[in-house]
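Chain by chain, the residues:
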Amino acid sequence: MKRSRRNLIRLLAVALVICIASLAYMESGRRRVVWLEAECDAASKSEQWPRLENLAGQWVQHRPDLALPWLYAAEAASQQGDSIRTAYYLYHLPDSDARTPVALFELSHLQFGALNQPIAGAETCERILRLQPQASEAHRRLLFYYAMSRQRGKLIAEARRAIATGCDVPETYVYLIAADWITFTNGYDVNQRWLQSSPENETFLVAQAYHLVRSAALDEEAELVDESGISRPERLMNVLLERFPHNREVLAFQLNMASFRGKVDRVAKLLAQAPPSSTEDSRFWRFKGWMHETRHELEEAEKAYLQ
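Conventions used here
- Residues numbered from 1 in each chain as written.
- Predicted model: local features only at pLDDT ≥ 70, side-chain atom pairs only at ≥ 80, totals over all residues.
- Heavy atoms only, no water.
- Helix = DSSP H or I, 4+ residues; strand = E, 2+ residues; numbered from the N terminus.
- Buried < 20%, exposed > 50% of the residue type's maximum accessible area, 1.4 Å probe, protein only.
- Contact = heavy atoms within 4.5 Å.
- Areas by Shrake-Rupley, 256 points an atom, 1.4 Å probe, with all protein chains shown as cover.
- Phe/Tyr/Trp six-rings, centres within 6.5 Å; stacked < 30°, edge-to-face > 60°.
- Patch = residues over 30% accessible without salt bridge, like charges linked within 9 Å, V, L, I, M, F, W, Y side chains within 5 Å.
- Salt bridge = Lys/Arg side-chain N within 4 Å of Asp/Glu carboxyl O.
- Axes fitted to C-alpha atoms, helices over the stretch in contact; angles between N-to-C directions.
- Parallel < 35°, antiparallel > 145°, perpendicular 65-115°, else oblique.
- Left-handed = near helix turned anticlockwise from the far one by under 90°.
- Nonpolar A, V, L, I, M, F, W, Y, C, P; charged D, E, K, R; others polar.
- pLDDT = per-residue confidence, 0-100.
- Arc of directions from axis to C-beta.
- Polar contact = N/O pair within 3.5 Å; in protein donor to acceptor, adjacent residues only side chain to side chain.
- Expected span 1.5 Å × (residues − 1).

### What to know about the overall build of the protein chain
Reasoning step 1: Helix and strand counts for the protein chain come out as 16 helices and zero strands.
Reasoning step 2: Looking at the protein chain residue by residue over its 307 residues, the buried ones come to 41%.
Reasoning step 3: For the protein chain, the proportion of contacts with a sequence separation of at least 24, taken over those separated by at least 6, is 51%.
Reasoning step 4: Of the accessible surface of the protein chain, which amounts to about 17,700 Å², a share of 56% is contributed by carbon and sulfur atoms.

The following block contains the structure:
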C-alpha cells in the first residue's frame, strides 16, 4: 500500500515537473515571438533587409499561421531584388489572415510579370476570389488572361461571375460580347513570352497562332495564296489542326473557313472530330445549323440554331 502511494506521488511529481516545464517553454516562446515582432519592425524601418529576412524566417517557425512574418520576409526578399524568394513567401501566406488577399495581388503581379508564370498567376487570382469574391482587380486580370490566351469558355464564365458579384466594368461586357473573335495586336508577342515558361503548352501555341492569323487578315501580303489557293495564315492553322485535332479554337477557325467557302462535307468532317465540350460552345451549334440548312434539313437546322 505504501509502495503504491509512493509510486503515485512520484508520478504526480513528474507530471508537475512536465507541466511547469511546458508552461515555461510556452512563456519563453511567447516572449520570443514578441521580441521577433519588435525586431522585424525595427529592421524594416532601418532597411536592414538581410537581417529582416532572417528574423522573419525565425518568426515563421513559431507562427506560420500569421501573415505578418511572411510579409516581412517577402518585403526583405523584394528589397534585395529576389523575385523568386518574394513569390515563395507570398505564396505561403495563410488564407485565414485578413492581410492575405491584398498581398496575393503582388504575387499575381510577379507571376504575370517578372517570373513569367501566367498559369500560376491565374491560379493566384482564383485563390484571391475564393477569399474575397468581390476583388475586382482579380476579375480584371483573369478576364485579360483568358482573352489573351483564347480560353473562350473560361472568359465567358469569368465575365458572368464578375457581373454576378457586382465587379463588372465596361470592359467586362466587351470581353463577353467579343468572346468569339476578340483579338489583340500584341497577342502574338504576349503568348510567345508565355511559351518561354511552357514551350509545349497547347493553349498558348494556339492563341499565339490565332492572334497572328487574325492580325494578318489586315495585311494584304499575308493573304497571298500558294498554287493550291491556300493563304499563309490558313496554312498555319492547318498545321495546328494536324497537331491538335480536337482543339476548339482551331476547329472553330477551320469551320468558319469551310462554311464561308460552302464546303458542307468539310464542315461535317470537322464537326465529327469536335470534343464533347463543344456542345457548350454556341459556335459549333451555329456551324451545325448551317450544315443542316445547306442540306435542306430544316428541322435539324432549327434545333441547332435554337440550341
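Still to come is the rest of the account.
### What to know about the packing of aromatic side chains
Reasoning step 1: Applying the stated criterion to the full structure yields nine aromatic pairs.
Reasoning step 2: Taking the centre distance of 6.4 Å and the plane angle of 45 degrees together, the rings of W70 and Y89 count as tilted. Taken as a pair, W70 in helix α3 (residues 67-79) and Y89 in helix α4 (residues 83-91) lie far apart in primary sequence, 19 residues in all. For the pair shown, W70 and Y89 are each scored as buried.
Reasoning step 3: Relative to Y89, the ring of Y88 has its centre 5.6 Å away and its plane inclined at 70 degrees; by these criteria the two rings are edge-to-face.

### Observations regarding a nonpolar patch on the surface
Reasoning step 1: A grouping of Y188, L212 and L236 is seen on the molecular surface, where their side chains present a nonpolar patch of about 230 Å² in accessible area.
Reasoning step 2: Mapping L236 onto the fold places it in helix α12 (residues 232-243).
Reasoning step 3: What makes L236 partly exposed here is its relative accessible area of 31%.

### Examining the pattern of salt bridges
Reasoning step 1: Using the criterion set out here, one finds 22 salt bridges in the structure.
Reasoning step 2: Linking K45 and D41 is a salt bridge whose minimum nitrogen-to-oxygen distance equals 3.2 Å. You can see K45 and its partner D41 sitting in helix α1 (residues 2-45), four residues apart, about one turn around the helix.
Reasoning step 3: On the accessibility criterion, K45 (66% relative accessible area) is exposed.
Reasoning step 4: A relative accessible area of 29% means that D41 is categorised as partly exposed.
Reasoning step 5: The salt bridge partner of R152 is D281, with a shortest N-O separation of 3.2 Å.

### Structural notes on the packing of helix α2 (residues 49-62) against α3
Reasoning step 1: Relative orientation of the contacting elements α2 and α3 amounts to 155 degrees, with a least axis distance of 8 Å. Judged by the inter-axis angle, α2 sits roughly antiparallel to α3. When you trace α2 past α3, the crossing you get is left-handed. Together, W49, L52, E53, A56, W59 and V60 of α2 and L68, P69, W70, Y72, A73, E75, A76, A77 and Q79 of α3 make up the contact between the two elements.
Reasoning step 2: Grouping the amino acids of the contact of α2 with α3 by side-chain chemistry returns 12 nonpolar, one polar and two charged.

### Digging into the confidence of the model for the protein chain
Detailed reading of the predicted model is not advised wherever pLDDT is low.
Reasoning step 1: Here the protein chain shows a mean pLDDT of 90. Residues at 70 or above account for 86%.
Reasoning step 2: Here residues 23-28 scores under 50 on pLDDT; set against residues more than four positions off or in separate chains, the count is zero contacts.

### What about helix α10 (residues 187-195)?
Reasoning step 1: Of the positions making up α10, those classed as buried are G187, V190, N191, W194 and L195. On an axial view of α10, the arc spanned by its buried residues comes to 140 degrees, and they lie on one face.
Reasoning step 2: For α10, the elements touching its buried residues are α6 (118-131), α7 (136-148) and α11 (202-216).

### Here we look at the side chain of R248
Reasoning step 1: Considering the arrangement of structural elements, one finds R248 in helix α13 (residues 248-260).
Reasoning step 2: In terms of polar contacts, R248 uses its side chain to reach the side chain of S277, at 3.2 Å.
Reasoning step 3: Here R248 is in contact with R152, P275, S277, S278, D281, R283 and F284, once residues within four sequence places are set aside.

### Section: the environment of P50
Reasoning step 1: Following the sequence through the fold, P50 ends up in helix α2.
Reasoning step 2: Accessibility expressed as a relative area gives 56% for P50, which makes it exposed.

### A closer look at the side chain of Q273
Reasoning step 1: Take Q273: it is sitting in the loop between α14 (264-272) and α15 (282-294).
Reasoning step 2: Once residues lying within four places of it in the same chain are set aside, the contact partners of Q273 are L241, P245, H246 and L251.

### A look at α7
Reasoning step 1: Taking 1.5 Å per residue as the helical rise, α7 with its 13 residues ought to reach 18 Å, and the 18 Å between its terminal C-alpha atoms agrees with that figure.
Reasoning step 2: Turning to α7, its buried residues number three or more, namely A138, H139, R141, L142, L143, Y145, Y146, A147 and M148.
Reasoning step 3: The inward-facing, buried residues of α7 abut α5 (100-112), α6, α8 (152-164), α9 (170-177), α10 and α11.
Reasoning step 4: Where α7 ends, the next residue or the one after it, R150, has phi of about 55 degrees, a positive value.

### Description of the environment of R51
Reasoning step 1: In this fold, R51 is placed in helix α2.
Reasoning step 2: On the basis of relative accessibility, which here comes to 36%, the residue R51 falls in the partly exposed class.
Reasoning step 3: C-alpha separation for the pair R51 and E39, spaced 12 residues apart in sequence, amounts to 9.3 Å.
Reasoning step 4: Setting aside residues no more than four positions away along its own chain, R51 makes contact with E39 and A43.

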